[in-house]
Amino acid sequence: MFLVDWFYGVLASLGLWQKEAKILFLGLDNAGKTTLLHMLKDERLVQHQPTQYPTSEELSIGKIKFKAFDLGGHQIARRVWKDYYAKAYVGLVPCLTRSNWSWAKHIQPLDKTLFILYIGCKETAIQMDIKQSCWAITGLCAVDAVVYLVDAYDKERFAESKKELDALLSDDALANVPFLILGNKIDIPYAASEDELRYHLGLNNFTTGKGKVNLVDSNVRPLEIFMCSIVRKMGYGEGFKWVSQYIK
Ligand SMILES: Nc1nc2c(ncn2[C@@H]2O[C@H](COP(=O)(O)OP(=O)(O)OP(=O)(O)O)[C@@H](O)[C@H]2O)c(=O)[nH]1
Ligand SMILES: [Mg+2]
């Protein structure tokens, strides 16, 4: 019971209570993604090896669901980022065609004649099959938010970090997904300031404002920078609170 209360408290304080959020932790290697995940999970500071394989923490207690995906940041790991945010497709198909849908990742029977289909990253195949089927298939965005970490001390890698961030921001599959940019490691002297980071990431005209900013009718993607130090447990809480207002 103590655990439940404690965990409820952590999520509630981050504004994520009762939200079924799927959140991706992205950013270059060494930015602090795994450190953050474990700090959120059990408030412990653990020294980690560089992440080789994507990991996820699905935390579900009572009504609370919060799934965080920690994808490694090194060059090879970056290639799989897209697999985690490509649109998932959900639709109903007649069971007779089931054999044609072998590429579907997961088919869940609804009743004897209908199935619900869950697919990721198979846009081309879906479009081909749609022609033979009168059933509507809709694309759903696979993630609710991206937390993009940048090592604010490692100024030499800002350009590399910007390049990866730009690729994410211009990807259609993430078109309306809120981005929380965390400038981490501000406990180290001479780490970049928020203004410096905003400038180097080319976000001067793209941040949408802290606090409560209603963007519902504006078609503008919520995006903000929050500076933090995960080891000092500071800064990221404000960021999560900010992003939670945009998670439906
Ligand atoms: N000074 C300082 N170091 C930090 C902070 N957060 C993380 N680190 C250190 O940064 C290093 C990398 O942290 P990780 O969490 O493993 O980084 P990562 O983003 O998961 O890296 P990959 O798994 O390689 O993608 C570790 O040595 C952490 O202890 C922080 O707030 N301040
Ligand atoms: Mg890691």
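What you are looking at is a predicted structure, and each value in this text was computed from that prediction instead of being measured.

### Side note on the overall build of the chain
On a plain count of helices and strands, the chain comes out with eight helices and 10 strands. Restricting the contact set of the chain to residue pairs at least 6 apart, pairs at least 24 apart contribute 68%.

### Some words on the site of ligand 1
What surrounds ligand 1 is a group of 22 residues, the closest being Asp29, Thr35, Pro50, Thr51 and Gly73. With three residues, helix α2 (residues 33-42) is the largest single contributor of residues to the shell around ligand 1. Of the residues in the shell around ligand 1, the class split is five nonpolar, 13 polar and four charged.

### Focus on the nonpolar core
Counting residues in each nonpolar core, the largest one holds 45 residues, and the members touching the most others are Leu24, Phe25, Val146, Val147, Tyr148 and Leu180. Residues contacting Val147, with those up to four places away along its chain left out, are Ile23, Phe25, Leu180 and Leu182.

### A closer look at the pairing of strand β9 (residues 179-184)
Along β9, six of the six residues are buried, which leaves the element largely enclosed by surrounding structure. The alternating pattern of β9 places Phe179, Ile181 and Gly183 and Leu180, Leu182 and Asn184 on opposite faces, both of which are buried. As defined by bridge partners, strand β8 (residues 145-151) adjoins β9 across six bridges and the pair is classed as parallel. Residue pairing in the sheet places Val146 in a bridge with Phe179 of β9. In this region the chain leaves β8, passes through helix α6 (residues 158-169) and returns to the parallel neighbour β9; the handedness of that crossover is right-handed. Here β9 pairs with strand β10 (residues 223-227) via five bridges, running parallel.

### A closer look at the UniProt feature "binding site: Mg(2+)" (unreviewed entry) in the chain
According to UniProt, the feature "binding site: Mg(2+)" (unreviewed entry) maps to Asp29, Thr34 and Thr51 in the numbering used here. A maximum C-alpha distance of 9.9 Å among these annotated residues, which run over 23 residues, shows that they cluster at one spot. Checked against the element boundaries, Asp29 lands in the loop between β1 (21-27) and α2. Once residues lying within four places of it in the same chain are set aside, the contact partners of Asp29 are Pro50, Gly72, Gly73 and His74. Position of Thr34 among the secondary structure elements: in helix α2. Non-local contacts of Thr34, meaning those with residues more than four positions away in its chain, are made with His48, Thr51 and Asp70.

Parameters and conventions
- Residues numbered from 1 in each chain as written.
- Chains lettered and ligands numbered in written order.
- Predicted model: local features only at pLDDT ≥ 70, side-chain atom pairs only at ≥ 80, totals over all residues.
- Helix = DSSP H or I, 4+ residues; strand = E, 2+ residues; numbered from the N terminus.
- Contact = placed C-beta atoms within 7 Å.
- Near = placed C-beta within 6 Å.
- Nonpolar A, V, L, I, M, F, W, Y, C, P; charged D, E, K, R; others polar.
- Core = buried A, V, L, I, M, F, W, Y, C linked by C-beta atoms within 7 Å.
- Buried ≥ 20, exposed ≤ 12 C-beta atoms within 10 Å, placed from the backbone.
- Pairing = 2+ DSSP bridges.
- Right-handed = clockwise from strand over helix to strand, strands pointing away.
- UniProt positions renumbered as here; feature names shortened; annotations may be inferred.

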